[in-house]
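Here are the chains, one letter per residue:
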Amino acid sequence: MKILDRYILTSYLKTFISVFVILMLIFVLQAIWLYIKELAGKDLDLVTVLKFLMYITPTLIPLILPLTILLSSIMVFGNFAENYEFAAMKSTGISLQRAMSGLGLFIVGLSILTFFFSNNVIPWAEYNSFNLRRNIAKVKPAMIIAEGQFNDISDQLNIKVEEKYGENGKFLKGITIHQKSGKSFSGNHITIIAKTGELASSEDSNILKLILYDGYYYDDTPPKKIAERNKKPFVKSEFKKHVLNYDLSNLNNVDLSEKNVDDNYKMLNVAELNFSIDSLKTKRQTTVEDFSKALYTRTNLSTINLTINAKKDSIFKSNILDIFKTKRKIQVLDYAINSISSTQQIIKSKQSNLKGENSRIYKHGIQLHKKFALGVACIILFFVGAPLGALIRKGGLGLPMVIAIVLFLTYHFIGLFAENSAKNGNLNPVLAAWFSTLIMLPLSIFLTTRATQDRGIFEFDHITEPIKNWYNKKFNRGSKLDRLDPNFTIVHFEDKEVLNYKSLSKINIISLSIAIILFILYFVFKNNKLPQLALAGIQIAGVSAIIFIFNYIKSTITYNTLVVKTVHKEETLIQKGLGLFIYPLTHFLRVSKLSVGTNFNGLTAMDTVFESGSEPIILTDKDLKDYNIIATLSFISFSIALILFVLYFVFKNNKLPQLALAGIQISGISYLVFLFNYIKSSIEFSKILKAIKVKRENFLMLILGVIMYPIIHFKRRQKL
């Protein structure tokens, strides 16, 4: 092993072990919190508690190990990049793949070890932990009488209390007791109901002593003799005070080492899972065949013609029911209807049973492939974390921790959703076990390729440059001021006109936003069966829409008086009509036209001038070019996402599920594009503000921009 490989492996192992131990402690504490109800108040010795932790710990490895590999990879390689160690390696001709190769062999070995661990150790831990928790639950059941629920004290006794009060909850209200009469007959034949009661025995006692007040005793235990049983005897008695004593000594003498449950699918290794799957499939096939034979026999088709001598030359061609008289015909139809109804109920019941059997087969299949998928996931997550760390160039527990948790939660929840879908039969169990791993595979290839080529995580120049060129050509952005004559005179608008137009525009935006939001809420309230709120919302939305239309007309008239003073043409009638439906875009275009070569934004020169001390800072239109293009893309993608989001409810309520699904999917994609461009535009805007030494935007405004971008967009343009 070369010195470089030893150095990288040593650095990785230090971080890996530290992160693994920390995450193990966190998840163990979470497991203790999860099972605290089963452990608390049981007077368990230290050995039993340690045994419980020893059995629980291996079952946490499928969660801890992938997260550890991902986080350690990001931290180590991010630290190398941050400290320019990768730059030093590359200067000597060592590529990223070469730096990762030694560590990659370690991860491959770890993934193989993980498979054997999940195939042997985890089933053993599941087997022991399940049986131990099952035995612990039987210890001192007198202490687990909880309020508002039935508590199984033993196989023969079930108690429910509405309220516990007093010292240590010894006084009870609303007591209901179900007690089995014996082994001869199944069922709760003895019922005791009391208004109040007292738990007289101590918590450490093996005797459960209950003193009941003001209640009734019911007993309908069937007698052994059939003649007496046909009389349906029933005993009812009233009492003012009734004392019950239950001996729980046999229950408290629980052998915590007893292990009598071994058929859970989580307790099986690969060979046992394959055997169980084959057995379950054979059993299901036998069940289906037996059921089909039973249904065929139930139809009596095999015996229906045995007592009838059919005549082949019969010329009777009418309805067979016409043979019978009306009374007999009704009987035949009733019999047929009852037979069909009964058969449907039997099929429905059997369908439910088969669904349970299929679910068990699916669970075994998922568990089988998860053992293989876990090892492969370790390798793939390493090739996600290592190049990602080299790209973000940040070590430590700050940014790497956030990124690792986000990626791991994505990986974990995708796996959970796929697994739940497979258990219901909506997804193939094999695909469900590998689904989250397959999702991460393209990401690992993408990040490794990017890091190897020393390129950023996201580069969209091949997409954005054509759009920029088209936009600049279409709207002549960045060229208006360049073509102006040096002796060009700036168009001066009257302050009253500018103020009037800006006021009307703000009212338009506010009223349109209220109308759209309430229009969406109308469908939300309607689907949630809130008709009054839905009606009020749609009425206010209508009023807001009328206000918007009225002010839109006024703002259009004001705009026409301003734009005629510039070099731009007036809007066509079609553009004015479309402005009613896409007003944010129309407003943006109007402001863009009015801002060039005018004092619309309070400017007195062709360029934006900001005073800083004695020397002015001159910001040309070219400096704003990148921001304007990104902001425009953000505005367009946000508008598309919002419009399609509204249409989703329209299509859904009009029973057009395919259009609704397509609309919401495109809306989601548009919104993701918007978020990406919004982040980039915010960065560009911050650079501009820093250059002109203006205070940065409020963080709250940045967050609000995610849902109210048009307002933020226009505020930014006014500031510039």
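Residues numbered from 1 in each chain as written. Predicted model: local features only at pLDDT ≥ 70, side-chain atom pairs only at ≥ 80, totals over all residues. Heavy atoms only, no water.

Enquirer: Can you lay out the overall build of the protein chain for me, pointing to particular residues and giving the numbers?
Expert: Each helix and strand in the protein chain was counted, giving 22 helices and eight strands. Of all 720 residues assigned to the protein chain, the portion counted as buried reaches 37%. Summarising the internal contacts of the protein chain: among those between residues at least 6 apart in sequence, 72% fall at separations of at least 24. With the model as given, the accessible surface of the protein chain reaches about 42,700 Å², and the carbon-plus-sulfur share is 62%. (Helix = DSSP H or I, 4+ residues; strand = E, 2+ residues; numbered from the N terminus. Buried < 20%, exposed > 50% of the residue type's maximum accessible area, 1.4 Å probe, protein only. Contact = heavy atoms within 4.5 Å. Areas by Shrake-Rupley, 256 points an atom, 1.4 Å probe, with all protein chains shown as cover.)

Enquirer: An account of the side chain of Lys371 is requested, with residue identities and associated values reported.
Expert: Considering the arrangement of structural elements, one finds Lys371 in helix 10 (residues 326-392). Buried charge without a salt bridge: Lys371, with Glu272 as the nearest opposite-charge side chain at an N-O distance of 8.1 Å. Here Leu268 takes part through its backbone oxygen, which lies 3.4 Å from a polar atom of the side chain of Lys371. (Lys, Arg positive; Asp, Glu negative; His and termini not counted. Salt bridge = Lys/Arg side-chain N within 4 Å of Asp/Glu carboxyl O. Polar contact = N/O pair within 3.5 Å; in protein donor to acceptor, adjacent residues only side chain to side chain.)

Enquirer: Could you give an account of the packing of aromatic side chains, naming the residues involved and the relevant values?
Expert: If you walk through the whole model with that rule in mind, you get 25 aromatic pairs. Pairing Tyr12 with Phe16 gives two aromatic rings, centres 6.0 Å apart and planes at 25°, and the pair type is stacked. You can see Tyr12 and its partner Phe16 sitting in helix 1 (residues 3-34), four residues apart, about one turn around the helix. Relative accessible area serves as the criterion here: at 10%, Phe16 is assigned to the buried category. Relative to Trp124, the ring of Tyr55 has its centre 5.5 Å away and its plane inclined at 85°; by these criteria the two rings are edge-to-face. Taken as a pair, Tyr55 in helix 3 (residues 46-59) and Trp124 in helix 6 (residues 96-136) lie far apart in primary sequence, 69 residues in all. Taken together, the ring pairs connect Tyr7, Tyr12, Phe16, Phe20, Phe77, Phe80, Phe106, Phe382 and Phe383 into an aromatic cluster. Above the ring of Tyr559, the side-chain terminus of Arg590 is found at 4.9 Å from the ring centroid. (Phe/Tyr/Trp six-rings, centres within 6.5 Å; stacked < 30°, edge-to-face > 60°. Lys NZ or Arg CZ within 6 Å of the ring centre and 35° of its normal.)

Enquirer: So what's going on with the pairing of strand 4 (residues 190-199)? Residues and values would help.
Expert: With seven of ten residues buried, strand 4 lies mostly within the body of the structure. Pairing between strand 3 (residues 171-179) and strand 4: eight bridges, direction antiparallel. Considered in strand 4, the bridge of His178 is made with Thr191. Here strand 4 pairs with strand 5 (residues 207-219) via nine bridges, running antiparallel. When the bridges of strand 5 are listed, Ile190 appears paired with Asp219. (Pairing = 2+ DSSP bridges.)

Enquirer: A description of the nonpolar core should follow, citing residues and the corresponding values.
Expert: Counting residues in hydrophobic clusters, the biggest one holds 56 residues, and the most contacted among them are Tyr12, Ile69, Phe77, Phe86 and Phe382. For this core, the secondary structure elements donating two or more residues are helix 1, helix 3, helix 4 (61-82), helix 5 (85-91), helix 6, helix 10, helix 11 (399-423) and helix 12 (429-452). Broken down by element, this core gets its largest block of residues, 13 residues, from helix 4. Counting residues in hydrophobic clusters, the runner-up holds 18 residues, among them Ile159, Leu172, Leu212 and Phe239. (Core = buried A, V, L, I, M, F, W, Y, C linked by side-chain atoms within 4.5 Å.)

Enquirer: So what's going on with the packing of helix 16 (residues 531-563) against helix 18 (residues 583-595)? Residues and values would help.
Expert: At a minimum axis separation of 12 Å, helix 16 and helix 18 run at an interaxial angle of 20°. Classified by the angle between their axes, helix 16 and helix 18 sit roughly parallel to one another. In this structure, helix 16 meets helix 18 at a crossing whose hand is left-handed. Across the interface between the two elements, Phe548, Tyr552, Ser555, Thr556, Tyr559, Leu562 and Val563 from helix 16 touch Tyr583, Arg590, Lys593 and Leu594 from helix 18. A class-by-class count of the residues in the contact of helix 16 with helix 18 yields seven nonpolar, two polar and two charged. (Axes fitted to C-alpha atoms, helices over the stretch in contact; angles between N-to-C directions. Parallel < 35°, antiparallel > 145°, perpendicular 65-115°, else oblique. Left-handed = near helix turned anticlockwise from the far one by under 90°. Nonpolar A, V, L, I, M, F, W, Y, C, P; charged D, E, K, R; others polar.)

Enquirer: Provide a residue-level description of the packing of helix 15 (residues 495-527) against helix 18, including the pertinent values.
Expert: Where helix 15 meets helix 18, the axes come as close as 11 Å, and the angle between the chain directions of the two elements is 160°. Between helix 15 and helix 18, the angle falls in the class roughly antiparallel. Considering only the axes of helix 15 and helix 18, their crossing is left-handed. Contacts between helix 15 and helix 18 pair Tyr501, Ser505, Asn508, Ile509 and Leu512 from the former with Tyr583, Pro584, His587, Arg590 and Leu594 from the latter. Of the residues that constitute the contact of helix 15 with helix 18, the class distribution is six nonpolar, three polar and one charged.

Enquirer: Tell me what's going on with the pattern of salt bridges, and back it up with residues and numbers.
Expert: Enumeration according to the criterion identifies four salt bridges in this entry. A salt bridge links Arg98 to Asp5, with the shortest nitrogen-to-oxygen separation between them at 3.0 Å. Of this pair, Arg98 sits in helix 6 while Asp5 sits in helix 1, placing them 93 residues apart in sequence. On the basis of relative accessibility, which here comes to 29%, the residue Arg98 falls in the partly exposed class. The closest approach of N and O atoms between Lys423 and Glu419, which form a salt bridge, is 3.4 Å. Placement of the pair is Lys423 and Glu419 together in helix 11, with a separation of four residues, close to one helical turn. Through salt bridges with shared partners, a single network forms among Lys370, Glu419 and Lys423.

Enquirer: Just give me the short version of the environment of Val591, but keep the residues and values in it.
Expert: Looking at where Val591 falls in the secondary structure, it is placed in helix 18. A C-alpha to C-alpha distance of 8.9 Å links Val591 and Phe714, two positions 123 residues apart in sequence.

Enquirer: Give a description of helix 9 (residues 270-298) that names residues and reports values.
Expert: The end-to-end C-alpha distance of helix 9 is 42 Å, a good match for the 42 Å that 29 residues give at a rise of 1.5 Å each. Where helix 9 is concerned, the buried positions are Val270, Leu273, Ser276, Ile277, Leu280, Thr287 and Phe291. The N-terminus of helix 9 is capped by Asn269, whose side-chain oxygen sits 3.3 Å from the backbone nitrogen of Ala271. (Expected span 1.5 Å × (residues − 1).)

Enquirer: Account for the side chain of Ser555, with residues named and values stated.
Expert: Looking at the secondary structure, you find Ser555 in helix 16. Beyond its immediate chain neighbours, meaning those up to four positions away, Ser555 contacts Tyr501, Leu504, Asn508 and Arg590.

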